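Listed below, chain by chain, are the residues.
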Amino acid sequence: IVHEVALDDEDLEAHDELNVFKTDDAYEENERKYASISREILGGDDSDEAEAGAESGSASDSESGSESDEAKGDAADNDSHELGEVGQKPGVQKIHDLTETEKVNLRRTIYLTIMSSLSFDEAAHKLLKIQIRPGEEQELCNMVIESCSQERTYKAFFGLIGERLCKLNRTWAHGFALSFASCYESIHCYETNHLRNIAHFFAHLLVTGALQLSVLQVVVLTEEATTSSSRIFLKIVLQDMSEELGMKTLNDRLKSTEYKVSEAVKGMFPSNNVQAMRFAINYYTSIGLGAITEEMREQLKALPLLTAGDNSSDSDSSSDSSSGSSSGSYTSSSSDSGSGSDIDSSSGSKS
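This structure is a prediction, so every number in the text was calculated from the model and none was measured.

Explain the overall build of the chain here, please?
Summing up its helical and strand segments, the chain has 13 helices and zero strands in all. Put simply, the chain runs from its N terminus to its C terminus through helices and strands in the order α-α-α-α-α-α-α-α-α-α-α-α-α. Every one of the 351 residues in the chain was classed for burial, and the buried ones make up 27%. For the chain, restricting intrachain contacts to residue pairs at least 6 apart in sequence, the fraction spanning at least 24 positions comes to 67%. Looking at the chain as shown, the accessible area adds up to about 23500 Å², and 51% of this sits on carbon and sulfur atoms.

Here it is as structure tokens:
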């Protein structure tokens, strides 16, 4: 049944008196009338329950005062017997929702909160007001990054939200650090546009100090350990940082011993493998960051000298061993020949 009502209907009865609460003097009588009507419409069972509920409601008001003390005493005596070892009553089964409905609703709430905010301050304030259960904090970080990746072009709005959250509470900074590692490991699964937005987002957090450069410890810059997607991601991050900080400041931050940054970025600046060093130098030079490879170039120049020195020492040791073996063989042969001549001379004297 559809009732179409227009605001300009002349025969529309407003019944404004219904908007005012009035006490019902004939409450019990009206309840009995309602019970009889519901019995006719719904049937006997529902009506009996409704009538019993109405009667119990009126009776419970008078008896609640006398039974409250007894109920409290009985509850205190039975709590220790009814509670199990894990704090649940025996026979009560806990239901686990495996459909992740609550997680989907939380992600929807976070997304709508971000997109309905006019400024990053408002968005951060509203996000912090969302009731997030313990253990689901990572969903907020992931949803901010995913919302950023869905845009056609990068918007600083999302980077400012992430910066504000990280600086308000280090819990969110830890969450975004985990998200960086997760995104870098699965960066090949993203489209190019999504990859660029995510790279710009994390570059903003690294430039502003919301995230420490130690998050770059997951990067290992070798030909075998990287893909084209990861190299593009790293290129955008480093280029944004060099544009904002300058080449000298970027180099100083990467080589800084504070917060063990220099140890964390060892994978980005290999020093033991010649092939990996050449690959890293060529990579940084191709993206316009050759200035941060000066130390690697000096190490690469020193490596052939060390290798040549090792080879010369090895050759000397081998020549010594060969000369020693040859002299030993010569002395043994001469002794053999001498003994032979002695035998011949003794045999001649006997004859």
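Quick question: what am I supposed to make of the packing of helix 6 (residues 156-168) against helix 8 (residues 192-207) here?
The angle between the axes and the distance between the axes are what describe a pair of packed helices. The N-to-C vectors of helix 6 and helix 8 enclose an angle of 40°; their axes lie 9 Å apart at closest approach. Relative to helix 8, the element helix 6 is oriented oblique. The element helix 6 and its partner helix 8 pack so that their crossing is right-handed. The residues of helix 8 that touch helix 6, namely those facing F158, G159, L160, G162 and E163, are F201, H204 and L205.

Sorry, what's going on with the packing of aromatic side chains here?
The full count for this structure, using the stated rule, is eight aromatic pairs. With centroids separated by 6.1 Å and ring planes inclined at 55°, the aromatic side chains of Y184 and F233 adopt a geometry described as tilted. Residue Y184 is found in helix 7 (residues 170-185), and its partner F233 is found in helix 9 (residues 228-245); the two are separated by 49 residues along the sequence. Owing to a relative accessible area of 9%, Y184 belongs among the buried residues under this scheme. On the accessibility criterion, F233 (1% relative accessible area) is buried. Where Y283 meets Y284, the ring centres are 5.6 Å apart and the plane angle is 65°; that geometry is what we call edge-to-face. Taken together, the ring pairs in this structure connect F176, F180, Y184, F201, F202 and F233 into an aromatic cluster. Positioned above the aromatic ring of F269, the side-chain terminus of K255 is 5.1 Å from the ring centre.

How do you make sense of helix 3 (residues 101-115) when you look at a structure like this?
Since the α-helix packs 3.6 residues into each turn, any two residues three or four apart lie on the same face. For helix 3, with 15 residues, the first-to-last C-alpha span of 21 Å sits near the 21 Å given by 1.5 Å per residue. Burial in helix 3 covers these residues: L106, I110, T113 and I114. Take helix 3 and look down its axis: the buried residues cluster within an arc of 100°, on one side only. Packed against the buried residues of helix 3 are helix 4 (120-129), helix 5 (137-149) and helix 6.

In this structure, what is going on with the environment of L195? I would like to understand it.
Locating L195 in the fold gives a position in helix 8. Distance in space between the C-alpha atoms of L195 and I232 is 8.4 Å, their sequence separation being 37 residues. Excluding anything up to four places from it in sequence, L195 contacts I187, Y190, S229, I232, F233 and I236.

Teacher, can you tell me more about a nonpolar patch on the surface here?
Judged by side-chain polarity, I37, I41 and L42 come together as a nonpolar surface patch covering roughly 330 Å² of accessible area. Tracing the sequence through the fold places I37 in helix 1 (residues 27-42).

What is the right way to look at the nonpolar core in this model?
Buried together is how nonpolar side chains tend to be arranged in soluble globular proteins. One finds L127, F176, F201, F202, F233, M268 and Y284 to be the most contacted residues of the largest nonpolar core, which totals 65 residues. Ignoring any residue separated from it by four or fewer positions in sequence, one finds Y284 in contact with L221, L238, M268, F269, L289, G290, I292 and T293.

Please explain a negative patch on the surface as it appears in this structure.
Among the surface-exposed residues, D8, D9, E10, D11 and E13 lie close enough to one another that they form a single negatively charged patch. Following the sequence through the fold, D11 ends up in the segment before helix 1. Exposure remark for D11: the relative accessible area of 65% places this residue in the exposed category.

Sorry, what's going on with helix 1 here?
The end-to-end C-alpha distance of helix 1 is 21 Å, a good match for the 22 Å that 16 residues give at a rise of 1.5 Å each. Directly beyond the C-terminal end of helix 1, a positive phi value near 110° is found at G43.

Explain the packing of helix 5 against helix 6 to me, please; I cannot follow it from the model alone.
As a packed pair, helix 5 and helix 6 sit with axes 10 Å apart at the nearest point and diverge in direction by 165°. Taken together, the axis directions place helix 5 and helix 6 in an arrangement best described as roughly antiparallel. Read as a crossing pair, helix 5 and helix 6 show a hand that is left-handed. Contacts between helix 5 and helix 6 involve L140, V144, S147 and C148 from the former and F158, I161 and L165 from the latter. Among the residues forming the contact of helix 5 with helix 6, the class breakdown is six nonpolar, one polar and no charged.

Teacher, can you tell me more about the side chain of S242 here?
Locating S242 in the fold gives a position in helix 9. For S242, a relative accessible area of 15% translates into the label buried. A distance of 2.8 Å separates a polar side-chain atom of S242 from the backbone oxygen of Q239. Apart from the residues within four sequence positions on either side, S242 is in contact with M247, L250 and L289.

Rules used throughout
Residues numbered from 1 in each chain as written. Predicted model: local features only at pLDDT ≥ 70, side-chain atom pairs only at ≥ 80, totals over all residues. Heavy atoms only, no water. Helix = DSSP H or I, 4+ residues; strand = E, 2+ residues; numbered from the N terminus. Buried < 20%, exposed > 50% of the residue type's maximum accessible area, 1.4 Å probe, protein only. Contact = heavy atoms within 4.5 Å. Areas by Shrake-Rupley, 256 points an atom, 1.4 Å probe, with all protein chains shown as cover. Axes fitted to C-alpha atoms, helices over the stretch in contact; angles between N-to-C directions. Parallel < 35°, antiparallel > 145°, perpendicular 65-115°, else oblique. Left-handed = near helix turned anticlockwise from the far one by under 90°. Phe/Tyr/Trp six-rings, centres within 6.5 Å; stacked < 30°, edge-to-face > 60°. Lys NZ or Arg CZ within 6 Å of the ring centre and 35° of its normal. Expected span 1.5 Å × (residues − 1). Arc of directions from axis to C-beta. Patch = residues over 30% accessible without salt bridge, like charges linked within 9 Å, V, L, I, M, F, W, Y side chains within 5 Å. Salt bridge = Lys/Arg side-chain N within 4 Å of Asp/Glu carboxyl O. Core = buried A, V, L, I, M, F, W, Y, C linked by side-chain atoms within 4.5 Å. Lys, Arg positive; Asp, Glu negative; His and termini not counted. Charge placed at Lys NZ, Arg CZ, Asp CG, Glu CD. Nonpolar A, V, L, I, M, F, W, Y, C, P; charged D, E, K, R; others polar. Polar contact = N/O pair within 3.5 Å; in protein donor to acceptor, adjacent residues only side chain to side chain.

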